[in-house]
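So you can see what is in the structure, the chains are spelled out below.
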Amino acid sequence: MGAIDLHARPTRDFDAKLEQTRKLLLRAASEFAPLKQASSLGAEDVVITHLVNGLELDIPVFVLETGALHAETLRLLERTQATSRAPVEVYRPVQEAVVQFVQREGNEAMYRSIDLRKACCAIRKLEPLSRALAGQRAWITGLRREQSAARSDVALIDTPDAEGRIKINPLADWTWGDVWHYIATHGVDYNPLHDQFFPSIGCAPCTRAISLGEDFRSGRWWWEEETAKECGLHVHQQEKAAA
Ligand code: SF4
């Protein structure tokens, strides 16, 4: 049984949610430009890219190609680049920084400590992210409230971060069933890892399949405490301010 059969169950007000999401994307394109969509090529992100393309919005998509993605994700990236109306930008880490880190700490450093895992994320994700977002007023993500306790208060439009940049989360109130209903009814190309019980798409060493009943984010950094499970891309605004 594939992900569509397992998960495509829309909530009763799905049509209203979809309309609201389209309106939010239209508003974002006119009020918050320049802006980009951040895509991990997971289920939520392919839905947003499909909506952006359908609305013919001037919103490029960017993917952080960390050098540690699954082959399935890289193939979906190639297909997305070939079919997307919106430009698909790929940002990679500084090769020298990756080589030095791996030479010093080894290929499995992320399992040894949270600090080393965060150091790897800083090199492979955060530095490329800062280049991807340079000069942008806003960015669009696929965060949903349902994904984890840490994301339960995700807003449709976040307050500006320290650099004045706004994060827009058009699927904040969508359920997993809504996401898969959209994928099923619009024939959206998706990552086949979802058919192998990967709810969340990330780097191969740090993402695993989950069992029925396990928490959504338990497929990411499963050896760490729940509260540590963000790579810095989506650190809560208040935590950032406190830091
Ligand atoms: S998710 Fe894992 S492999 Fe990817 S950047 Fe972070 S620590 Fe490194």
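It should be noted that the structure appears before, not after, this text.
Residues numbered from 1 in each chain as written. Predicted model: local features only at pLDDT ≥ 70, side-chain atom pairs only at ≥ 80, totals over all residues. Heavy atoms only, no water.

Colleague: Which parts of the structure should I look at to understand the sheet that holds strand β5 (residues 166-168)?
Modeller: Think of a sheet as strands paired side by side through backbone hydrogen bonds, with each pair either parallel or antiparallel. Here five strands make up an open sheet; going across it, the order is β3-β2-β1-β4-β5 and the pairing parallel. Pairing within the sheet leaves two strands with one partner each, and these edge strands are β3 (88-91) and β5. Each neighbouring strand pair of the sheet contributes to a mean axis angle of 30°, computed without reference to strand direction. Both strand β4 (residues 138-140) and β5 contribute to a ladder of three bridges, which runs parallel. Each bridged residue has a counterpart across the sheet, and for A138 the counterpart in β5 is I166. Packing against the sheet, helix α3 (residues 43-54) makes contact with β1 (35-39), β2 (61-64) and β4, and its axis sits at approximately 145° to β1. Packing of helix α6 (residues 114-133) onto the sheet brings it into contact with β1, β2, β3 and β4, and relative to β2 it is tilted by some 160°. (Pairing = 2+ DSSP bridges. Helix = DSSP H or I, 4+ residues; strand = E, 2+ residues; numbered from the N terminus. Axes fitted to C-alpha atoms, helices over the stretch in contact; angles between N-to-C directions. Contact = heavy atoms within 4.5 Å.)

Colleague: Explain the site of the ligand to me, please; I cannot follow it from the model alone.
Modeller: In the region of the ligand, the neighbouring residues are M110, R117, C120, C121, R124, K125, C203, C206 and W221. Here the residues of the shell around the ligand are counted per class, giving six nonpolar, no polar and three charged. (Near = heavy atom within 4 Å. Nonpolar A, V, L, I, M, F, W, Y, C, P; charged D, E, K, R; others polar.)

Colleague: Looking at this structure, how should I read the environment of E225?
Modeller: With respect to the element layout, E225 can be found in the loop between α7 (176-186) and α8 (237-242). On the basis of relative accessible area, E225 is assigned to the exposed category, the value being 61%. For the pair E225 and I114, spaced 111 residues apart in the sequence, the C-alpha separation amounts to 9.6 Å. (Buried < 20%, exposed > 50% of the residue type's maximum accessible area, 1.4 Å probe, protein only.)

Colleague: What is the right way to look at α6 in this model?
Modeller: Residues lying three or four places apart along an α-helix face the same way, a consequence of the helix completing one turn every 3.6 residues. Considering bend angle alone, the principal kink of α6 is centred on A122 and spans about 45°. Those residues of α6 that fall on the buried side of the exposure criterion are L116, R117, C120, C121, R124, K125, P128, L129, A132 and L133. In the core, the buried residues of α6 are packed alongside β1, β2, β3, α5 (95-105) and β4. (Bend = angle between axes of the 7 residues up to and from the residue.)

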